[in-house]
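Here's the letter readout for the chains.
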Amino acid sequence: MSSKICDQNFEKNEAAFQQGLIERTGQIEAVLRAYLPEAAGPQRVIMEAMGYSLMAGGKRLRPMLMQEAYRLCSGQGREIEPFMAAIEMIHTYSLVHDDLPAMDDDEYRRNRKTTHIVYGEDMGILAGDALLNFAFETACKAFSMEGADAARIGKALGILAGKAGIYGMVGGQVVDVQSTGKEISGETLDFIYRLKTGALLEASLMVGAVLAGAAEDRVGALESIARKIGMAFQIRDDILDVESTREELGKPIHSDEKNQKTTYVTLNGLRHAKEETERLSREAIRELEIFGPQDPFLEMLLESLIHRKK
C-alpha cells in the first residue's frame, strides 16, 4: 500500500475519531445535566456552585473511558449512566479543592475563574464536599433502574469508593501535599501519580467492565491499562506545564515550579519524560489486544491523551 493511501486512511480515521469524540462528549454532557440537582431552596447557592464546576467543560475523559469499557465488555443498558455522572462529579470535586488557596491556589481553570474565586473560599470547600457526596447518591440510582444487577452495582460502588479514597486519589493527594517543597524519590513520585491521577482512570475502566459483567481477568487487564495511561497522562501534564501557554492550557503554567513540586520533568528531564510517556502509552495500547477486534475509537482515545496540548 502506498504512503499516500496510508495517509488518506489515517485522515479518514482521524476525522471519524474527532466526530466520535464530539458525539460522545455531547452525550456525556446531557447525562451530567440530567443528574445535576435543581438549584432551589435555601441552599440553592451550593447547587449553583456544583453546576458551575461540573459544567465547566473539559475532556470528560473518565466517563468516556467508563462507557467505552462498558461497550468493550458487551454491556447493554443504562445503569452505566449514573456511574458516568458520578465519576465526573468526583473528578470535579478534586479539581475544585485542588484550586483552593490551601492547595494549588489557582484563579483560573479551563480559561475561566475557579469555583472559589466566583463563590468564595467557603462555598468552594462546600461545593467540593457536595459533589463528592452527591456522586454516590447519583451512582446509587442505578439500583432502581430496569434490569439492574444489584451485585454488579454493589461491586462497582466498592471500586469507585476505594479508588477515590485514602487508598486511591485522596491518598495520592496527601503524599503530594506533604512532598511540596521537598526533594522526593522517583518511587514516591510514582506513588503520587499512580494514586492521585491513575486511581480514577482505573476506576473508570474497571467500573465499566464490572457493570457489563466482565470476568475478573478482564477487569484486571483494564486496571493495568488504566494504570499505565494514568502515569503517562500525568507525565504529559508535567510536560505541558513547562512547554504550553496559559491560553492553550486553560490554566496557569509553571504552577509546579511556583508550588515547589517535584515532577517527572524536574526529576528526569524533558527528553526522558517524553520517552516514558510514549513507552507507557504503547504498552497500554498493546494490552488492549487481548480483547480482540474492536472499535478503534478506544485505542485512538488513549493515543490522543498522550499527545494532547491541554
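Residues numbered from 1 in each chain as written. Predicted model: local features only at pLDDT ≥ 70, side-chain atom pairs only at ≥ 80, totals over all residues. Heavy atoms only, no water.

Caption draft 1: Local environment of the overall build of the protein chain. Of the regular secondary structure elements, the protein chain holds 16 helices and two strands. Taken over C-alpha atoms, the radius of gyration comes to 19 Å for the protein chain, in line with the 19 Å a tight globule of 310 residues would show. Each principal axis of the C-alpha distribution contributes one length, and for the protein chain these read about 60 × 50 × 35 Å. Burial analysis of the protein chain (310 residues in total) assigns 50% to the buried set. Taking the intrachain contacts of the protein chain between residues at least 6 apart in sequence as the baseline, contacts between residues at least 24 apart amount to 74%. Total accessible area on the protein chain is roughly 14,700 Å²; 52% of this is exposed by carbon and sulfur atoms. With 37 positive and 48 negative side-chain charges, the protein chain shows a separation of 2 Å between the mean positions of the two kinds. (Helix = DSSP H or I, 4+ residues; strand = E, 2+ residues; numbered from the N terminus. Rg over C-alpha atoms; globule rule 2.2 N^0.38 Å. Buried < 20%, exposed > 50% of the residue type's maximum accessible area, 1.4 Å probe, protein only. Contact = heavy atoms within 4.5 Å. Areas by Shrake-Rupley, 256 points an atom, 1.4 Å probe, with all protein chains shown as cover. Lys, Arg positive; Asp, Glu negative; His and termini not counted. Charge placed at Lys NZ, Arg CZ, Asp CG, Glu CD.)

Caption draft 2: Molecular detail of the pattern of salt bridges. Under the counting rule described, the total for this entry stands at 21 salt bridges. Of the charged contacts in the structure, one is a salt bridge between D99 and R109, with a shortest N-O distance of 2.8 Å. Of the two residues, D99 is situated in the loop between α4 (80-98) and β1 (108-109) and R109 in strand β1; the sequence distance between them amounts to ten residues. Here D99 and R109 have matching classes, each one buried. Here E223 and K163 are joined by a salt bridge, their closest N and O atoms 2.8 Å apart. Of this pair, E223 sits in helix α11 (residues 216-243) while K163 sits in helix α7 (residues 150-164), and the two are 60 residues apart along the sequence. (Salt bridge = Lys/Arg side-chain N within 4 Å of Asp/Glu carboxyl O.)

Caption draft 3: Structural context of the environment of L54. Structurally, L54 can be placed in helix α2 (residues 44-54). We classify L54 as buried; its relative accessible area is 0%. The spacing of L54 and K309 is 255 residues in sequence and 21 Å in space, taken between C-alpha atoms. Setting aside residues up to four positions removed in sequence, L54 forms contacts with L32, L36, R60, E88, M89 and T92.

Caption draft 4: Spatial organisation of the environment of I184. When you line up the elements, I184 lands in the loop between α8 (169-179) and α9 (186-196). Taking the C-alpha atoms as reference, I184 lies 9.3 Å from K261; in sequence the two are 77 residues apart. If sequence neighbours within four positions are ignored, I184 has contacts with S179, L189, I192, T262 and L267.

Caption draft 5: Highlighting the environment of Q294. Mapping Q294 onto the fold places it in the loop between α15 (270-287) and α16 (297-306). Of the residues examined, Q294 reaches a relative accessible area of 26% and is grouped as partly exposed. Taking the C-alpha atoms as reference points, Q294 and V177, separated by 117 residues in sequence, lie 40 Å from one another.

Caption draft 6: The packing of aromatic side chains, seen in detail. Using the criterion set out here, one finds two aromatic pairs in the structure. Note on Y52 and Y119: the rings are 5.7 Å apart at their centroids and 70° apart in plane angle, and the pair reads as edge-to-face. Placement of the pair is Y52 in helix α2 and Y119 in helix α5 (residues 115-119), with a sequence separation of 67 residues. The class of Y52 is buried, set by a relative accessible area of 18%. The positively charged end of R112 is found above the aromatic ring belonging to Y52, 3.7 Å away from the centroid. (Phe/Tyr/Trp six-rings, centres within 6.5 Å; stacked < 30°, edge-to-face > 60°. Lys NZ or Arg CZ within 6 Å of the ring centre and 35° of its normal.)

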